[in-house]
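# Chain and residue survey
Residue strings, one per chain:
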Amino acid sequence: MKFFVDTADVSDIRDLTELGLIDGVTTNPSLILKSGRDITEVTREICSIVEGPVSAEVTATEFEAMVREGKTLARIAPNICIKLPLTLDGLRACRALTAEGFKTNVTLCFSGNQALLAAKAGATFVSPFIGRLDDMVMDGMDLIREIRQIYDNYGFETEILAASIRTVNHVKEAALIGADVATVPPATIKALVKHPLTDKGLEQFLADWAKTGQTIT
């Protein structure tokens, strides 16, 4: 499974990239707002840090404007992936941009039918939102299972990018089901390494080592 970090915070992206854990980045208008920076400026900096795809989202809602904004975003850096909403105009823009060789990420996916349409439009990635379905007392993982089966049935190459991830269990379950990518907030990525037995075991090893009076040189 590939890990994308879901943030526009450059310091978090640098830290995680140095750990060798990040394969890409996803941003959206809300994350750009949270960063407090100009979209072109911060996106260009992110693209200089991360070699993998960096999703940058259009804000237009009509086909022609989406294509125009998508091409503007793509000029920021070669590794830009144009993010489009899962609407009819968004799917049409996805088809047009994909045909010109751009990477695309169709976002705000909440059903298997929507994911099927995104794949038929040639999307590079489709982003089903797990956490927002959970908020509605639905199991977001059921959607990942449905999409995995649909894509496997027909050999679609669109990658399933599990999004709106809230917990470490979301990451584990998405990996078990077979999502191609998980886009995860920085804090949740760092939490994946945590386990109380790891902490307890390390504490015991260090205590025993101290009793030996030895050093490793």
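Everything numeric in this text was worked out from a predicted model, so none of it was measured.

## Looking at the nonpolar core
One finds Ile46, Ile80, Leu84 and Ile144 to be the most contacted residues of the largest nonpolar core, which totals 60 residues. When near neighbours in sequence (up to four residues on either side) are disregarded, Ile46 contacts Thr7, Ala8, Val10, Ile13, Val25, Thr27 and Val54. By size, the runner-up hydrophobic cluster in this structure holds 5 residues, among which are Phe4, Cys81, Phe125 and Leu161.

## Here we look at the pattern of salt bridges
Within this structure, the stated rule accounts for 10 salt bridges. The residue Lys83 makes a salt bridge to Glu57 at a minimum N-O spacing of 4.0 Å. Of this pair, Lys83 sits in strand 4 (residues 80-85) while Glu57 is found in strand 3 (residues 54-57), placing the two residues 26 residues apart along the sequence. Of the residues examined, Lys83 reaches a relative accessible area of 5% and is grouped as buried.

## Notes on the UniProt feature "active site" (unreviewed entry) in the protein
Feature annotation in UniProt assigns "active site" (unreviewed entry) to the following positions: Lys83. Setting aside residues up to four positions removed in sequence, Lys83 forms contacts with Thr26, Thr27, Asn28, Ser55, Ala56, Glu57, Val58, Asn105 and Thr107. Polar contacts involving the side chain of Lys83 include one to the main-chain carbonyl oxygen of Thr27, which spans 3.0 Å.

## A few points about the pairing of strand 4
For a regular strand, side-chain orientation follows a simple rule: the groups alternate between the two sheet faces. For strand 4, a buried count of 6 out of 6 residues is recorded, marking the element as mostly surrounded by other parts of the structure. Burial of the side chains of strand 4 extends over both faces: Ile80, Ile82 and Leu84 are buried on one face and Cys81, Lys83 and Pro85 on the other. As defined by bridge partners, strand 3 adjoins strand 4 across 4 bridges and the pair is classed as parallel. Bridge pairing in strand 4 places Val54 opposite Ile80. With helix 4 (residues 63-74) bridging strand 3 and its parallel neighbour strand 4, the resulting β-α-β unit is right-handed. Bridge count for strand 4 against strand 5 (residues 103-109) is 5 bridges, and the pairing is parallel. Bridging from a neighbouring strand, Cys81 pairs with Lys103 of strand 5. The β-α-β motif built from strand 4, the intervening helix 5 (residues 88-99) and the parallel element strand 5 has right-handed crossover chirality.

Each value, and the rule that gives it
Residues numbered from 1 in each chain as written. Predicted model: local features only at pLDDT ≥ 70, side-chain atom pairs only at ≥ 80, totals over all residues. Heavy atoms only, no water. Core = buried A, V, L, I, M, F, W, Y, C linked by side-chain atoms within 4.5 Å. Buried < 20%, exposed > 50% of the residue type's maximum accessible area, 1.4 Å probe, protein only. Contact = heavy atoms within 4.5 Å. Salt bridge = Lys/Arg side-chain N within 4 Å of Asp/Glu carboxyl O. Helix = DSSP H or I, 4+ residues; strand = E, 2+ residues; numbered from the N terminus. UniProt positions renumbered as here; feature names shortened; annotations may be inferred. Polar contact = N/O pair within 3.5 Å; in protein donor to acceptor, adjacent residues only side chain to side chain. Pairing = 2+ DSSP bridges. Right-handed = clockwise from strand over helix to strand, strands pointing away.

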